[in-house]
Amino acid sequence: MPPHVPKHRPSPTDRPTLLLTGGSGVLGRALIEELSADFDLVCLRRNRPLHDPRVRELQGDLLAPRLGLPEQAWNRLAGEVDVVLHSAAETNWRTAPENIMRTNTSGTRAVLELASRADAPLYLVSTAFVASAPAAEDRRRFPGAAAYLDSKTAAEQMVRDAGLPGVIVRPSVVMGDSVTGRIAGQQGLTKTLGSMVLGQVPVLPGEPEARIDMVPQDFVTRAVGDLIRGEVRHGEYWLTAGPQAPLLREISDVCAEFAVRHGLPEPQPPRLIPVDAVHRLLLPMLQGTAMPASLRRRLQHYAELLLVFQRELPFASSLGDPDCGTRLTHTDIRAALVRNLESWAEGRAGPLRRHRAHPAAATPSRELAS
């Protein structure tokens, strides 16, 4: 990699400059909230403006040479940046697998080059699910999810091999905020939970005792912020619930309790299909079946999510370790789950009122289940 650019380091009274990629993403917006008080934030974006007065936006491209910046702007950026936080990634599993791999590895290579040039530590946001290597059958049926996990594994190795100060953080499923329940974008988890509240999930792939590791976004961003503020320069950190992660059947119970408490019909709990039967029975059943296309797509989506995200054994967790946020309890997660559901229900008063009045006629509309 090229030699670093000499620059003036901040004095104790200055705010260091942090380059954030992925600032417009779900986690990126929460990272801005966490870091803006302590850092001058520069956010690299491609198309979508942030319109956030707390950040300086820089239009560029992770896949282009020099991040798509003119050479002078690239050199100026390298002279300013004190910390690089790489949160951008292609997370849409419907994207072509080769594009997922290219985006997530080429983007990491580009920010490594900048970090080297700037003589700045790099913090890489990976995923805890690199620990869950997809089986051959999962790779065949879910190539996008497999490519995502492969790309994150490769990006981590690139950071290890670079010989630079580098920290890898591995969040599991990111929930909404633990206090407000809000999240910048409605993720697959939120959609699944909403459908479970409405009784629109007849079956789920998974064992009742399987754990779904989920962490509120503010616990994730606080841990990342603490690592950066603590000037931790090396290591790999699991931002996970670990042994505190709820069981799949417990999540189903929380959704049912939420429905009854809000005057909705009590949903039938989903029938849980053992994972070894998913490929043998559930997925083949979806092919050529007469069931509605919307239901078929949702079942396929649930199978993909849960085959990747559920685990019988808990992850390790670094939350609560020195310079790594706050330890997460089982009670914290249950409370956050309820707040996520409350946030999901906000703005859906009309559809939910119709569902209360005519539950049998309610259809799994996009408005309700998204």
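Please refer to the structure placed before this passage.
Residues numbered from 1 in each chain as written. Predicted model: local features only at pLDDT ≥ 70, side-chain atom pairs only at ≥ 80, totals over all residues. Heavy atoms only, no water.

### Some details on the overall build of the protein chain
Of the regular secondary structure elements, the protein chain holds 13 helices and 13 strands. In the protein chain, which comprises 370 residues, the share counted as buried stands at 52%. Considering only residue pairs separated by 6 or more positions, the protein chain has 78% of its internal contacts joining residues 24 or more positions apart. In the structure as shown, the protein chain presents an accessible area of about 16500 Å², 51% of it carried by carbon and sulfur atoms. (Helix = DSSP H or I, 4+ residues; strand = E, 2+ residues; numbered from the N terminus. Buried < 20%, exposed > 50% of the residue type's maximum accessible area, 1.4 Å probe, protein only. Contact = heavy atoms within 4.5 Å. Areas by Shrake-Rupley, 256 points an atom, 1.4 Å probe, with all protein chains shown as cover.)

### Observations concerning the nonpolar core
In this structure, Leu18, Leu85, Met214, Ile228 and Leu239 are the most contacted members of the largest nonpolar core, which totals 72 residues. Once residues within four sequence positions are removed from consideration, Leu18 is found in contact with Leu35, Phe39, Asp40, Leu41, Val42, Val83, Leu85 and Ile228. (Core = buried A, V, L, I, M, F, W, Y, C linked by side-chain atoms within 4.5 Å.)

### So, the pattern of salt bridges
This model, assessed by the stated rule, comprises 20 salt bridges. Across the pair Asp40 and Arg15 runs a salt bridge whose closest N-O atoms are separated by 3.0 Å. Placement of the pair is Asp40 in strand β2 (residues 40-45) and Arg15 in the segment before β1 (17-21), with a sequence separation of 25 residues. With a relative accessible area of 36%, Arg15 lands in the partly exposed category. Salt-bridge contacts for Arg334 lead to Glu257; the nearest nitrogen and oxygen are separated by 3.7 Å. With a gap of 77 residues between them, Arg334 in helix α11 (residues 330-345) and Glu257 in helix α8 (residues 248-261) connect regions that are remote in the sequence. (Salt bridge = Lys/Arg side-chain N within 4 Å of Asp/Glu carboxyl O.)

### Details of the environment of Glu231
On the secondary structure map, Glu231 appears in the loop between α7 (217-229) and β11 (234-239). Considered as a pair, Glu231 and Pro121 are 110 residues apart in the sequence and their alpha carbons are 8.9 Å apart.

### Describing the side chain of Thr17
Examined against the element boundaries, Thr17 turns out to sit in strand β1. The exposure class assigned to Thr17 is buried, which follows from its relative accessible area of 12%. Look past the residues within four positions of Thr17 in its chain and what remains in contact with it is Asp40, Val42, Glu80, Val81, Asp82 and Val83.

### Focus on the sheet that holds strand β5 (residues 122-125)
Taken in spatial order, the seven strands make up an open sheet running β3-β2-β1-β4-β5-β6-β11, and their pairing is parallel. Of all the strands in the sheet, just β3 (55-59) and β11 have a single pairing partner and so form its edges. This sheet shows a mean twist of 20 degrees between the axes of neighbouring strands, independent of strand direction. Pairing between β2 and β3: five bridges, direction parallel. Residue Cys43 lies in a different strand from β3, and its bridge partner there is Glu57. The sheet strands contacting helix α1 (residues 26-35) are β1, β2, β3, β4 (83-86) and β5, and the helix crosses β1 at an angle near 165 degrees. Running over the sheet, helix α5 (residues 143-161) touches β5, β6 (166-171) and β11 and is turned about 155 degrees from β6. (Pairing = 2+ DSSP bridges. Axes fitted to C-alpha atoms, helices over the stretch in contact; angles between N-to-C directions.)

### What to know about the packing of α8 against α11
When two helices pack together, you describe them by how their axes are tilted relative to each other and by the distance separating the axes. Where α8 meets α11, the axes come as close as 11 Å, and the angle between the chain directions of the two elements is 45 degrees. Here α8 lies oblique to α11, going by the angle between them. The crossing of α8 and α11 is right-handed. Facing α8, whose interface residues are Glu250, Ile251, Val254, Cys255, Glu257, Phe258 and Arg261, α11 presents His330, Arg334, Leu337, Val338, Leu341, Glu342 and Ala345. Its residues placed into classes, the contact of α8 with α11 shows eight nonpolar, one polar and five charged. (Parallel < 35°, antiparallel > 145°, perpendicular 65-115°, else oblique. Left-handed = near helix turned anticlockwise from the far one by under 90°. Nonpolar A, V, L, I, M, F, W, Y, C, P; charged D, E, K, R; others polar.)

### Let's talk about α1
Counting buried positions over the 10 residues of α1 gives seven, a clear majority of the element. Within α1 the residues assigned to the buried category are Leu27, Gly28, Ala30, Leu31, Ile32, Glu34 and Leu35.

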